[in-house]
Protein chains: 2
Amino acid sequence: MPGSGRRPGPTRTRAAVLRAARARFAEHGFAGTTIRAVAEAAGVTPALVHHFFGGKDRLFAEAMRLPLDPEAVVATVVQGPREQAGERVVRLFLRLWSTPEAAQAFLAVLRSVATTERAATMLRDFLEEAVLARVTDALGVSRLAATAMSAHLVGLAVLRHVVRVEPLASAPDEEVVALVGPVVQAYLGGGPP
Amino acid sequence: MPGSGRRPGPTRTRAAVLRAARARFAEHGFAGTTIRAVAEAAGVTPALVHHFFGGKDRLFAEAMRLPLDPEAVVATVVQGPREQAGERVVRLFLRLWSTPEAAQAFLAVLRSVATTERAATMLRDFLEEAVLARVTDALGVSRLAATAMSAHLVGLAVLRHVVRVEPLASAPDEEVVALVGPVVQAYLGGGPP
């Protein structure tokens, strides 16, 4: 489906819609955001947003997926020495969240999850099916350990980027990696330290 | 200031206001809650709420403090063998959050923090001044380690009680303690595992 005339191509349009969606979700949460408002902010028609994403649920899920790409997580853990997998995962997440866009996306997710049961259900489904199943399969760790590791990473993002508790908020990535990496490793390396 | 006639005593009134505040904050977040609404729900005058708590900020902080009593945390860590402090802390938090009231209070905090900068600032101040300073002083661990440990506990609450990711959401307390306790211990025991 090539772009026609002055209209931007589908890839750029899709990216523009996701960018607008992320901004709206961050500002208004899941319940307060409409397809119409996202379309308006992106400069496209609501029909086009529906065409790309089906509905608000899938739009939210797509917008949400970017700062938490399950394939990237698994690839990061698997590639390289197993005993440094914890450090690699922590480094990956710190980098993923370090851009303003990603931090905004994370905040949007947190706000929606804390505000609507539906968003919590969506995130739960996403985490269970897309993230934890892959980590568990790829690494042979227990599902509970994979979930507890995720909990640590989520908590890091909450305190570092949302609540911004010091010294965690301002610590350089590598200082956090050096501290938290070996702790996360305990969940990946086949049991607690 | 004894209770007069049919009016309940100040302690019970104060508790009723906090209960009402917790319910309102959970339902409407920090920004959407007024002293007037809390007073109405508690069956008292707005003036009385102001008398007890000064303003909405302090009311929020007081309501928020209950599921995270810094003195209890420090006492739990200090009392008993140091090498099991991680397990004791995790067990304490799992128990604290296991009541519906505490889970509601945690959700209210999360929602407010994700919604208003002011609430994030309040929680940051509370964590830095009331919680982390005490833990750091009492245990001689680094401030960054105490913050990272808090991040893990916060993340556990988010995934267990808010997003309710399985198997973490339904796992018995002691199963979580056995898995997460030794990991948290790494932050308390003088360095990573």
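Quick caveat, the model's predicted, so the values are computed rather than measured.

Trainee: Can you help me understand the domain arrangement of chain A in this one?
Mentor: Size of an interface, as often reported, equals the accessible area lost when the parts are brought together. Under the domain assignment used here, chain A contains domain 1 (10–63) and domain 2 (65–188). Taken over C-alpha atoms, the centre of domain 1 of chain A sits 24 Å from the centre of domain 2 of chain A.

Trainee: Any chance you could explain the relation of the copies chain A and chain B here in plain terms?
Mentor: Two chain copies, one operation linking them: a rotation about an axis together with a shift along it. Taken as rigid bodies, chain A and chain B are interconverted by a rotation of 180° and an axial shift of 0.0 Å, the fit giving an RMSD of 0.1 Å. Within this description, the copies of the chain are treated as partners about a two-fold rotation axis. The fraction of interface residues of chain A whose copies in chain B are also interface residues reaches 100%, indicating that both copies meet through the same surface.

Trainee: Explain the interface of chain A and chain B to me, please; I cannot follow it from the model alone.
Mentor: Contacts between the two partners involve 43 residues from chain A and, on the opposite side, 44 residues from chain B. Around 3,800 Å² of area is buried between chain A and chain B when both sides are counted, 76% of it from carbon and sulfur atoms. At the boundary of chain A and chain B, one finds two salt bridges. With a closest N to O distance of 2.8 Å, Glu-117 of chain B and Arg-164 of chain A form a salt bridge. Our count for the chain A to chain B interface comes out at eight residue pairs in polar contact (both at pLDDT 80 or more). Among the elements of the structure, helix H7 (100–115), helix H8 (117–139), helix H9 (143–162) and helix H10 (173–188) of chain A are those that each provide at least two residues to the side of chain A that touches chain B. A total of 14 residues in the side of chain A that touches chain B trace back to one element, the largest contributor, which is H9 of chain A.

Trainee: Which parts of the structure should I look at to understand the packing of aromatic side chains?
Mentor: Aromatic ring pairs are reported here in terms of the distance separating the ring centres and the angle at which the planes meet. Residues and elements named next belong to chain A. All chains considered together, the criterion is met by six aromatic pairs over all chains. Judged by centre distance (5.5 Å) and plane angle (55°), the ring pair of Trp-97 and Phe-106 falls under tilted. In this structure, Trp-97 and Phe-106 share a single accessibility class: buried. Each residue in the set Phe-93, Trp-97 and Phe-106 is aromatic and connected to the rest through ring pairs, giving one cluster.

Trainee: Sorry, what's going on with the environment of Val-176 of chain A here?
Mentor: All names here are of chain A. Among the secondary structure elements, Val-176 is positioned in helix H10. Taking the C-alpha atoms as reference points, Val-176 and Arg-134, separated by 42 residues in sequence, lie 25 Å from one another. What Val-176 contacts, discounting residues up to four positions off in sequence, is Val-90, Leu-94, Leu-156, Arg-160, Leu-168, Ala-171 and Gly-181.

Trainee: Can you walk me through the nonpolar core in this structure?
Mentor: Membership of the largest hydrophobic core comes to 98 residues, with the highest contact counts inside it found for Leu-159 and Val-180 of chain A together with Leu-159 and Val-180 of chain B. Residue contacts for Val-180 of chain A: discarding those within four places in its chain leaves Val-90, His-152 and Leu-156 of chain A together with Ala-148 and Tyr-187 of chain B. In this structure, Ala-20, Phe-25, Val-44 and Ala-119 of chain B belong to the second largest nonpolar core, which totals 20 residues.

Trainee: Explain the confidence of the model for chain A here, please?
Mentor: A low pLDDT score tells you not to read the predicted coordinates there in detail. Mean pLDDT for chain A: 83, with 86% of residues reaching 70 or above. Here the predicted complex carries an ipTM of 0.73, next to a pTM of 0.73.

Trainee: Just to check I follow, could you spell out the side chain of Arg-160 of chain B for this structure?
Mentor: Residues and elements named next belong to chain B. Mapped onto the fold, Arg-160 is located in helix H9 (residues 143–162). Exposure remark for Arg-160: the relative accessible area of 8% places this residue in the buried category. Side-chain polar atoms of Arg-160 contact the backbone oxygen of Leu-168, separated by 2.8 Å. Within the structure, Arg-160 has its side chain in polar contact with the backbone oxygen of Ala-171 (distance 2.9 Å).

Trainee: Explanation requested: helix H3 (residues 46–53) of chain A in the structure shown.
Mentor: Owing to its 3.6 residues per turn, the α-helix aligns residues three or four sequence positions apart on the same side. All names here are of chain A. Of the positions making up H3, those classed as buried are Val-49, Phe-52 and Phe-53. Angular distribution of buried residues about the axis of H3 spans 75°; they occupy a single face of the element. After H3 finishes, the residue Gly-54 shows a positive phi value of roughly 80°.

Trainee: What exactly am I supposed to notice about the packing of H9 of chain A against H9 of chain B here?
Mentor: To describe two helices that pack against each other, one gives the angle between their axes and the distance between the axes. Contact pair H9 of chain A / H9 of chain B: the axes reach a minimum separation of 6 Å and the direction vectors enclose 115°. Put simply, H9 of chain A runs roughly perpendicular to H9 of chain B. Here the hand of the crossing between H9 of chain A and H9 of chain B comes out right-handed. Taking contact as the criterion, the partners of Thr-147, Ala-148, Ser-150, Ala-151, His-152, Val-154, Gly-155, Leu-156, Val-158 and Leu-159 of chain A in H9 of chain A are, on H9 of chain B, Thr-147, Ala-148, Ser-150, Ala-151, His-152, Val-154, Gly-155, Leu-156, Val-158 and Leu-159 of chain B. Split by residue class, the contact of H9 of chain A with H9 of chain B holds 12 nonpolar, eight polar and no charged.

Trainee: I'm lost on the pattern of salt bridges in this one. Help?
Mentor: All names here are of chain A. Inspection of the entire model under this criterion finds six salt bridges over all chains. Between Asp-173 and Arg-160 there is a salt bridge whose closest N-O contact spans 2.7 Å. Remark: Arg-160 occurs in helix H9 and Asp-173 occurs in helix H10; sequence separation between them is 13 residues. The class of Asp-173 is partly exposed, set by a relative accessible area of 24%.

Cut-offs applied
Residues numbered from 1 in each chain as written. Chains lettered and ligands numbered in written order. Predicted model: local features only at pLDDT ≥ 70, side-chain atom pairs only at ≥ 80, totals over all residues. Heavy atoms only, no water. Domains from an automatic or database assignment. Least-squares fit on C-alpha atoms with pLDDT ≥ 70 in both. Contact = heavy atoms within 4.5 Å. Buried area = accessible area lost by both parts, 1.4 Å probe. Salt bridge = Lys/Arg side-chain N within 4 Å of Asp/Glu carboxyl O. Polar contact = N/O pair within 3.5 Å; in protein donor to acceptor, adjacent residues only side chain to side chain. Helix = DSSP H or I, 4+ residues; strand = E, 2+ residues; numbered from the N terminus. Phe/Tyr/Trp six-rings, centres within 6.5 Å; stacked < 30°, edge-to-face > 60°. Buried < 20%, exposed > 50% of the residue type's maximum accessible area, 1.4 Å probe, protein only. Core = buried A, V, L, I, M, F, W, Y, C linked by side-chain atoms within 4.5 Å. pLDDT = per-residue confidence, 0-100. Arc of directions from axis to C-beta. Axes fitted to C-alpha atoms, helices over the stretch in contact; angles between N-to-C directions. Parallel < 35°, antiparallel > 145°, perpendicular 65-115°, else oblique. Left-handed = near helix turned anticlockwise from the far one by under 90°. Nonpolar A, V, L, I, M, F, W, Y, C, P; charged D, E, K, R; others polar.

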